Amino acid sequence: TPRTSVLDLRLSGALYFERLFLASMISLGKGDNEDIDVVLPSAPLEISSPFVSHTFKNRIPQILQRTLDYSKDKLKPQHVEGVEALIQEIKGDKPLQPITDAKHDADEWNTALKGYVDRKATWSQAPWFLWETYMYRRLASITHFWETGVDYFAAEKRKGLETTAAQIKARAKVVQEIGGKWDYTTLRKLMLADLWGNQADASLFSATTMGDKGGQGGGSSSSDKLICDESKRVFDVLERHPVSKARKAVFFTDNAGLEIVSDLMLIDFLLTSKQVAVIELKLKPYPYFVSDATPEDIKVTVDFLKQIGDKPCERLGTAIEKFIDSKKLILTKEWFLTSSKPMWAMPKELRSELRENTDLVFVKGDLMYRKLLGDYVLPPDLKFNDFL
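Cut-offs used in this document
- Residues numbered from 1 in each chain as written.
- Predicted model: local features only at pLDDT ≥ 70, side-chain atom pairs only at ≥ 80, totals over all residues.
- Heavy atoms only, no water.
- Core = buried A, V, L, I, M, F, W, Y, C linked by side-chain atoms within 4.5 Å.
- Buried < 20%, exposed > 50% of the residue type's maximum accessible area, 1.4 Å probe, protein only.
- Helix = DSSP H or I, 4+ residues; strand = E, 2+ residues; numbered from the N terminus.
- Contact = heavy atoms within 4.5 Å.
- Phe/Tyr/Trp six-rings, centres within 6.5 Å; stacked < 30°, edge-to-face > 60°.
- Lys NZ or Arg CZ within 6 Å of the ring centre and 35° of its normal.

Draft legend 1. Region of the structure containing the nonpolar core. In terms of nonpolar packing, the biggest core is built from 55 residues, with L64, I90, W123, W131, Y136, F252 and M343 touching the most fellow members. At 10 residues, the largest contribution of residues to this core is made by helix α6 (residues 128-142). Once you skip the residues sitting within four places of it in the chain, W123 turns out to touch F56, L86, E89, I90, D93, K94, P95, L96, W131, Y134, M135 and R138. If you look at the next biggest cluster of nonpolar residues, it comprises 45 residues, including F269, V302, L305 and F362.

Rendered as structure tokens:
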């Protein structure tokens, strides 16, 4: 269907746009105490949309049930009961509830929920983006994630790594052969491989179906379905500015597994070629959208690369470990990425950090696309930059 086609293109189009960076810098240039004024085209997508309805009635309950199937032996009985109750709450379209734990984002969540809670609005009566992100926050609270440290998506993420081992080996071989060679063709090849790695999204595909995702040959030749390719502008940005010891790039990351390996491959290239001095991975602070990467997933991925029995993978894993140890690769938890807020409501502290200390921003995946543009029905010929 047209909706599925658009979704697949979003997934295959892990985003970096220089236009995004420039537009962000224009917005970030406002005073720290000023909000960004946004005129929205319409109300965001709600339950009346067929795909939103399908997500609410089918995908979300299936994800939660699948989580129990993978993690029942790791979760305490009361936590299993809590997840089962959450499934029934969603299926019964019950009123939204406030967040009851004391984590530092709880007040922010309850502020976002207040209008809906006060009028006893049900799940389906809230905007799609709000209730979908809220579900993952509720799940973390119900399972006492911060107290137990149990990643209830870990088994599925691990399976996603294992079922994409062939694509991972192909990517590791490509980046080993390249070394630190810096030119446009090489950068584009690695950006394409990173882009197609975004297909490995377990919130849309199960781990058992990941094996055919991510493109072939390291993803380097998969360009026929691109809807926008501005990789030359990325290269030009890096070329025209003198290499600085302080040059920093930031990744707003998406999925663990094949995608984070693809990110690490591009990161290895950027640091080895010395085009970037420091890279920061902004990761999810708790298990999120099934396969989204947390700091712990980076450690798991590095260990997987070193132990898979493949020399190029072992080299990549060892290189990433050294970059982390030397602080050239920094891993941070970014709570904004798991909030219900869109990009134009980015916290002022983060906005200031990007404006003052960051030269390049990579924004990855469908969720960040939604945070950038909102869940709106837009004309298909509307240009990304015009709307942004």
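Draft legend 2. Layout of the environment of R188. For R188, the location among the structural elements is in helix α10 (residues 184-197). Along the primary structure R188 and V234 are separated by 46 residues, whereas in three dimensions their C-alpha atoms are 9.1 Å apart. Residues contacting R188, with those up to four places away along its chain left out, are S223, L226, D229 and S231.

Draft legend 3. Representation of the packing of aromatic side chains within the structure. Going through the model one piece at a time under the given rule, you end up with 20 aromatic pairs. Seen from their ring centres, F145 and W146 are 5.7 Å apart, and the 75° between their planes marks the pair as edge-to-face. For W146, a relative accessible area of 25% gives the class partly exposed. On the numbers, 5.8 Å between centres and 90° between planes, the contact of Y286 with Y288 is edge-to-face. The same class applies to Y286 as to Y288, namely buried. The rings of Y136, F145, W146, Y152, F153, Y286, Y288, F289 and W335 are connected pair by pair, giving a single aromatic cluster. Over the ring of W128 we find R370; its NZ or CZ atom is 3.9 Å from the centre of that ring. Over the face of the ring belonging to F336 we find K371, whose NZ or CZ atom lies 4.3 Å from the ring centre.

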